[in-house]
Amino acid sequence: MTKKSAKLSAKEVKSKQTAKMTATEVKRYLKVYRQMLFFRRFEERVHIAYTQGKFSGFCHLHIGQEAVCAGVQAALRDSDYVISAYRSHTQAIAKGIPAVQVMAEMFGKATGCCRGKGGSMHMFSAERRFFGGHGIVGGQVPLAIGMAFKINYRQEDDIVVCYLGDAAINQGQVLEALNMAAIWDLPVLFIVENNRYGMGTDIKRTTAIKHIYQRAQGFGVAAADMDGMNVRTVLKQTAAIVKRMRQDKKPYLLEALTYRYRGHSVSDPANYRPEGELQEFQQLDPLIQLRDDLLAVGVEAEQLQADVDAVKTELRVIEKQADAAELAPVAAIYEDVLVAIDGHEEH
């Protein structure tokens, strides 16, 4: 997208993409389509499970924003680090945490990725290099700085992807982190998922500048925006930035213009949206856009429908396994809260 088109409206968000693809691209985007489809259906099942009382507490869905997660992850290596905020179920799955472990974590089961102790907002896997899932707005951003410092210190060839929301950009710790990343040349790719609303408040009411990515430029961090509703745009733009970052080891901020189709959390009816706005952005649905592109290059509709059916079957099995798993024992709340250092236990 250009600087002139960064305002988040349905007409201006849409990027120009031709349906033309090489055979290799068709193969890649068939995989991406199934992944986004899985993300959408997974979150829908999570919503149903919540209403059925299978778990409680806070729960934030990523429905509508699948292109950002799938497109960014497709541009990364397995060894790259990812850290996120609390809307992170699908980001955790994209990074390699098994979906059954993510769902079991929400259900408070011992088989969850955090053994049922973290819940919806705190997915984590050191093995997969996915470091949360953080409930404090902007709290994950300074942690990303620490990871990137470690990469430089050990002269590794990885990068850190740090997801944050549009409202987090006004947090002081985020601005301090941007400054540190610029001063120390830290390889952090900040992905600002601008879905227009910080909880129920339009970003225009809380942020004076029109283009969020310009905040980063004020600290000397290279930045741009992109159409976060088109996965082909996301993947292409992110891949180019990641390639550059592996060479120059400098930070970058990418503002993904996207939109969530559900409320801030499952308990939010989203009555603050102007009439017709949701329907307008649903015309840019990332799943529909990619499906139409694949059909246009000759992929059979039956093949895509087979993916729909397969995902439904897979998710039924996943939910059944999560349901059947044992709850985390009450005594487990006393585990993993102390660490032994030189023979002494420390908090």
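From a predicted model like this one, the values you see are computed outputs, not experimental measurements. (Residues numbered from 1 in each chain as written. Predicted model: local features only at pLDDT ≥ 70, side-chain atom pairs only at ≥ 80, totals over all residues. Heavy atoms only, no water.)

A. Local environment of the nonpolar core. Residues Phe38, Phe42, Val161, Leu189, Leu290 and Leu294 are the most contacted members of the largest nonpolar core, which totals 76 residues. For this core, the element with the highest residue contribution is helix H2 (residues 23–51), accounting for 12 residues. Not counting chain neighbours up to four residues away, the residues in contact with Phe42 comprise His89, Ile93, Ala99, Val102, Met103, Met106 and Leu315. In terms of nonpolar packing, the next biggest core, distinct from the first, is built from 30 residues, Tyr81, Val160, Val174 and Ala182 among them. (Core = buried A, V, L, I, M, F, W, Y, C linked by side-chain atoms within 4.5 Å. Buried < 20%, exposed > 50% of the residue type's maximum accessible area, 1.4 Å probe, protein only. Helix = DSSP H or I, 4+ residues; strand = E, 2+ residues; numbered from the N terminus. Contact = heavy atoms within 4.5 Å.)

B. View of the packing of aromatic side chains. Considering all chains together, one arrives at 10 aromatic pairs under this definition. Judged by centre distance (6.1 Å) and plane angle (25°), the rings of Phe38 and Phe42 are stacked. You can see Phe38 and its partner Phe42 sitting in helix H2, four residues apart, about one turn around the helix. Each member of the pair Phe38 and Phe42 is classed as buried. Their ring planes at 50° and their centres at 6.4 Å tell us that Tyr259 and Tyr261 sit as a pair that is tilted. Cluster of aromatic residues (ring-pair linked, three or more members): Tyr50, Phe55 and Phe107. The ring of Tyr29 is capped by Arg232, whose NZ or CZ atom sits 5.8 Å from the centre of that ring. (Phe/Tyr/Trp six-rings, centres within 6.5 Å; stacked < 30°, edge-to-face > 60°. Lys NZ or Arg CZ within 6 Å of the ring centre and 35° of its normal.)

C. Structural detail: the sheet that holds strand E6 (residues 222–227). Ordered in space as E1-E2-E3-E7-E6, the five strands form an open sheet in which the pairing is parallel. In this open sheet, the two edge strands, each paired with only one partner strand, are strand E1 (81–83) and E6. Ignoring which end each strand starts from, the neighbouring axes of this sheet average 20° apart. Relative to strand E3 (residues 188–194), strand E2 (residues 160–165) runs parallel, the two being bridged by six bridges. Within E3, the position partnered with Tyr163 by the bridge is Ile191. Sheet strands in contact with helix H3 (residues 66–74) are E1, E2, E3 and strand E7 (252–257), and its direction is about 170° off that of E2. (Pairing = 2+ DSSP bridges. Axes fitted to C-alpha atoms, helices over the stretch in contact; angles between N-to-C directions.)

D. Summary view of the environment of Leu287. Mapped onto the secondary structure, Leu287 falls in helix H11 (residues 286–296). Measuring from C-alpha to C-alpha, the distance between Leu287 and Ile241 comes to 24 Å, with 46 residues separating the pair along the chain.

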